[in-house]
Amino acid sequence: MTSITDPSMKDRFTCSLEEIHNNHLKSYAEIIDTISELSHNHRQFVKSAVDTCLKKCKDDKKLFETIQEFKTDLEKKKMSLKEKRRAISEVMSEVQEKEMQKEDIILKIQRDKEDQMKRKDLIESQNRANKDRLRNLQKARLVFQDHLGLEIRTIIDKTQMVKGEKLQFIFRNISLSDHDSTYVITMGIKENGSYQIVSSDPALECLPVLESRLQETNNLPAFLANVRKEFISKARS
């Protein structure tokens, strides 16, 4: 049995302690290296994570700004669309108003045409009536002027009830004492073509009745004959 005091034993023990110490140092160094590597890897991971987060935040911020720009642009487009719709509505209202005005103008033109046709028919009717009256006047002139001393004059008087051209019928050979003494009746023609008595000299009380009968019959010679009779009756009464 080897004694502890044996020098070789001491050397072996020392070697074993050194070996153990070295192994411990080696293990510690490996642990340190592992810790350093893990720390480095952790720092790299943290840095990568931070970079990823920063990039994500930057991308999110850009995305948010893009969304905000899109919302702003969308609002502008909505406002523009609203304005366009309002403008279209105003144009449509104006077009409808123009169409209504067009229809009113067409109706007015149609009414004007109808009124013109009516006026034309009325004028033609009045012309025919005037021609008939002219023939009656010519007949009356032949009967009264040539045989009974009747004179027919055309006068223009704007102060009387019937404005424009009028006719004066001047009777003579009425008074037995003075054949040249004149008896006058003045007549006009209304717009509707009927006769209207303006005045008589001397005045005849029955003149309204004779005028009404003239308007009913349109027989001027008969009217003048009745007027002459009334003048004779008045002159000789």
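Only a predicted model underlies this, so the values are computations on that prediction, with no experimental measurement involved.

**Focus on the overall build of the chain**
Along its length, the chain carries 3 helices and 4 strands. When the helices and strands of the chain are read in sequence order from the N terminus, they spell out α-β-β-β-β-α-α. Across the 237 residues that make up the chain, the buried fraction comes to 16%. Of the contacts formed within the chain by residues at least 6 apart in sequence, a portion of 39% connects residues at least 24 apart. Per element, the accessible surface of the chain, about 18,700 Å² overall, is 56% carbon and sulfur.

**A short note on the pattern of salt bridges**
If you walk through the whole model with that rule in mind, you get 7 salt bridges. Taking the shortest distance from any N to any O, the salt bridge between Asp59 and Lys55 comes out at 3.1 Å. You can see Asp59 and its partner Lys55 sitting in helix α1 (residues 7–148), 4 residues apart, about one turn around the helix. A relative accessible area of 54% means that Lys55 is categorised as exposed.

**Some points on the nonpolar core**
Grouped together as the largest cluster of nonpolar side chains are 18 residues, with contacts concentrated most on Phe169, Phe171, Ile185, Met187, Leu220, Phe223 and Val227. For this core, the secondary-structure elements that each account for two or more residues are β2 (165–171), β3 (183–189), β4 (195–201), α2 (207–217) and α3 (220–235). Looking at this core element by element, the count peaks at 5 residues for α3. When neighbours within four sequence positions are excluded, Phe171 is seen to be in contact with Gly149, Leu150, Ser181, Thr182, Tyr183, Ile185, Leu224, Val227, Arg228 and Phe231.

**So, a nonpolar patch on the surface**
On the surface, Tyr28, Ile31, Ile32 and Ile35 cluster together to form a nonpolar patch covering roughly 390 Å² of accessible area. Locating Tyr28 in the fold gives a position in helix α1.

**Let's talk about the packing of α2 against α3**
Where α2 contacts α3, the two axes come as close as 10 Å, and the packing angle between them is 165°. Here α2 lies roughly antiparallel to α3, going by the angle between them. As for the relative orientation of α2 and α3, their crossing is right-handed in sense. Packed against α2, whose contacting residues are Leu207, Leu210, Glu211, Arg213 and Leu214, the element α3 presents Leu220, Phe223, Asn226, Val227 and Glu230 at the interface.

**Description of the pairing of β4**
Here β4 lies mainly inside the structure; 5 of its 7 residues are buried. As paired strands, β3 and β4 are joined by 6 bridges and run antiparallel to one another. For Gly188, the partnering residue across the bridge sits in β4 and is Gln196. Between β3 and β4, which pair antiparallel in sequence order, lie 5 residues; one of them, Gly193, sits at a positive phi of approximately 95°.

**Let's talk about the state of the cysteines**
As used in these notes, a disulfide is a covalent bond between sulfur atoms, one from each of two cysteines. Applying the stated criterion to the full structure yields 0 disulfides. Unpaired in this structure, Cys53 has its nearest cysteine sulfur neighbour in Cys57, at a distance of 6.4 Å. Residue class for Cys53 comes out partly exposed when judged on its relative accessible area of 48%.

**Let's talk about unusual backbone geometry**
Residue Pro202 is bonded to the preceding Asp201 through a cis peptide linkage, with omega at 5°. One can find Pro202 in the loop between β4 and α2. Positive phi values are uncommon outside glycine, yet Asn173 reaches one of about 60°. Tracing the backbone shows Asn173 in the loop between β2 and β3. The phi angle at Asn218 is positive, at roughly 60°, despite the residue not being glycine. By the element assignment, Asn218 lies in the loop between α2 and α3. Residue classification places Asn218 among the partly exposed residues on the basis of a relative accessible area of 27%.

**Some points on the packing of aromatic side chains**
Scanning the entire structure with this criterion turns up 2 aromatic pairs. Ring geometry for Phe171 versus Phe231: centroids 5.7 Å apart, planes at 65°, classification edge-to-face. Of this pair, Phe171 sits in strand β2 while Phe231 sits in helix α3, and the two are 60 residues apart along the sequence. The same class applies to Phe171 as to Phe231, namely buried. Look at Tyr183 and Phe231: their rings are 5.4 Å apart centre to centre, the planes differ by 45°, and that puts the pair in the tilted class. Taken together, the residues span a long stretch of sequence, with Tyr183 in strand β3 and Phe231 in helix α3 at a distance of 48 residues. Looking at Tyr183, the relative accessible area reads 10%, which means it is buried.

Thresholds applied
Residues numbered from 1 in each chain as written. Predicted model: local features only at pLDDT ≥ 70, side-chain atom pairs only at ≥ 80, totals over all residues. Heavy atoms only, no water. Helix = DSSP H or I, 4+ residues; strand = E, 2+ residues; numbered from the N terminus. Buried < 20%, exposed > 50% of the residue type's maximum accessible area, 1.4 Å probe, protein only. Contact = heavy atoms within 4.5 Å. Areas by Shrake-Rupley, 256 points an atom, 1.4 Å probe, with all protein chains shown as cover. Salt bridge = Lys/Arg side-chain N within 4 Å of Asp/Glu carboxyl O. Core = buried A, V, L, I, M, F, W, Y, C linked by side-chain atoms within 4.5 Å. Patch = residues over 30% accessible without salt bridge, like charges linked within 9 Å, V, L, I, M, F, W, Y side chains within 5 Å. Axes fitted to C-alpha atoms, helices over the stretch in contact; angles between N-to-C directions. Parallel < 35°, antiparallel > 145°, perpendicular 65-115°, else oblique. Left-handed = near helix turned anticlockwise from the far one by under 90°. Pairing = 2+ DSSP bridges. Disulfide = S-S within 2.5 Å. Phe/Tyr/Trp six-rings, centres within 6.5 Å; stacked < 30°, edge-to-face > 60°.

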